[in-house]
Every structure is written in C-alpha cells, then in structure tokens.
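Chain by chain, the residues run as shown.
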Amino acid sequence: MPLEVRVQPEVCTDGPKGTDLEIDVSKPDDGDAFAPGEKIGIKLDVKNNGDNNLGTVVEAFLYNIDQDDEIERVESDVVEIRKDGKSEEFNLELTIPTEDIDEDDEYILYIKAYEDGEEDNNCAEDSLGIDIKR
C-alpha cells in the first residue's frame, strides 16, 4: 500500500499562534487557474479579535509542492488594525515566474498575517490551491 507524506513549508515561524488575528481571503478562489507571467491579485481581510491595536504584516508565497520549493513571495507594509473586532483590507499582487514552471506540478498559495515584530505571539495562516497552465 503506497503512502504519500507531504510536509507543509514553514508559514508562521512557530506555527499559528494566538487568536487575535483572523484571515478571510476573498481573492483568488481555491483552484483558480493562472499562466506563467500572470499576476495573482490577492485580496483579504485581517480581523483583530484582541484587546490591543496591532501593527500587522501580511505575506503570501507561491509554493511548488512537487519540488518542495518556494517560487515567489510578496509582503505588505505594516498596517495598524484597531482592537475589538476591527478589520483591514489587504491587496497584494504576486507575479508567477515564466521559468521553471511545470503545469503538472501542484502549487499552493500560502498566506500569513502576523503582528509586526511579534510573530511568535500572533500569527494566522491560510492556504489555497492554484492551477498553473501553460
């Protein structure tokens, strides 16, 4: 009986931490298809469920599962999210490289939101599959 084991790359440095930050990705959708050279528009809301205002950073990276390799990464500026359930919208753009892309490989877009300078206390993560077609 074959057994397939996949190791998830390190998204949040110490794994998801805390409950203050919550991610809601509205764009792209899981399974959306893109082409090499195309830009992926990433739109998400980050909610602060905590009792303190948080300087928040969002990072997204495209990961090739089959090659166990990060392909491309993008990071936001620090945005202050007010406390008690307030949220802020983040818009990022990640360009798919034109080289070293195999459409038969599996790609995952990983997204994390963390408190600036305090990732080990507050870090939330999410992921979705992306199809890359030549």
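Predicted model only: the values in this text are computed from it and were never measured. Every chain begins its residue count from 1, and numbering advances along the sequence as written. Since the coordinates come from a predicted model, pLDDT governs what is reported: local features require at least 70, and pairs of side-chain atoms require 80 or more to be given and counted, while whole-chain, interface and lining totals use all residues. Excluding hydrogens and water, the side-chain figures rest on all heavy atoms present in the structure.

## Describing the overall build of the protein chain
Here comes step 1: Secondary structure elements follow DSSP: runs of H or I of four or more residues count as helices, runs of E of two or more count as strands, with numbering from the N terminus. In terms of regular secondary structure, the protein chain is built from 0 helices and 9 strands.
Here comes step 2: Traced from its N-terminal end to its C-terminal end, the protein chain shows the element sequence β-β-β-β-β-β-β-β-β.
Here comes step 3: Every radius of gyration here is taken over C-alpha atoms, with the globule rule written as 2.2 Å times N^0.38, N being the number of residues. Compactness check: the protein chain gives a C-alpha radius of gyration of 16 Å against a globular reference of 14 Å for 134 residues, within 12% of the reference.
Here comes step 4: Summarising its shape, the C-alpha atoms of the protein chain cover approximately 45 × 35 × 20 Å along the three principal directions.

## Considerations on the packing of aromatic side chains
Here comes step 1: Any Phe, Tyr or Trp ring, taking Trp's six-membered ring, that has another such ring centre within 6.5 Å forms a pair; planes under 30 degrees apart are called stacked, those over 60 apart edge-to-face, and the others tilted. According to the stated counting rule, one finds 3 aromatic pairs in the structure shown.
Here comes step 2: Judged by centre distance (6.1 Å) and plane angle (75 degrees), the ring pair of tyrosine 63 and tyrosine 110 falls under edge-to-face. Here the residue tyrosine 63 occupies a position in strand β4 (residues 54-64), and tyrosine 110 occupies one in strand β8 (residues 107-115), the gap between them amounting to 47 residues.
Here comes step 3: Residue tyrosine 63 is classed as buried on the basis of its relative accessible area of 6%.
Here comes step 4: A network of ring pairs unites the aromatic residues Phe61, Tyr63 and Tyr110 as a single cluster. The cut-offs for exposure are 20% and 50% of the maximum accessible area for each residue type, with area from a 1.4 Å probe on protein chains only; residues under the lower value are buried, those over the upper are exposed, and the others partly exposed.

## With respect to the state of the cysteines
Here comes step 1: Criterion for a disulfide: a pair of cysteine sulfur atoms within 2.5 Å. For the coordinates displayed, the defined rule picks out 1 disulfide.
Here comes step 2: Shown here is the disulfide that connects cysteine 12 with cysteine 123, its sulfur atoms set 2.0 Å apart. The S-S bond linking cysteine 12 to cysteine 123 shows a torsion near -85 degrees; that makes this disulfide left-handed. Here cysteine 12, found in the segment before β1 (21-27), pairs with cysteine 123, found in strand β9 (residues 123-132); they are 111 residues apart in sequence, far enough to count as distant. Exposure class is identical for cysteine 12 and cysteine 123. Each is buried.

## As for the side chain of asparagine 64
Here comes step 1: When you line up the elements, asparagine 64 lands in strand β4.
Here comes step 2: We call two residues in contact whenever any of their non-hydrogen atoms come within 4.5 Å of each other. Non-local contacts of asparagine 64, meaning those with residues more than four positions away in its chain, are made with Asp69, Ile71, Asp105, Glu106 and Tyr107.

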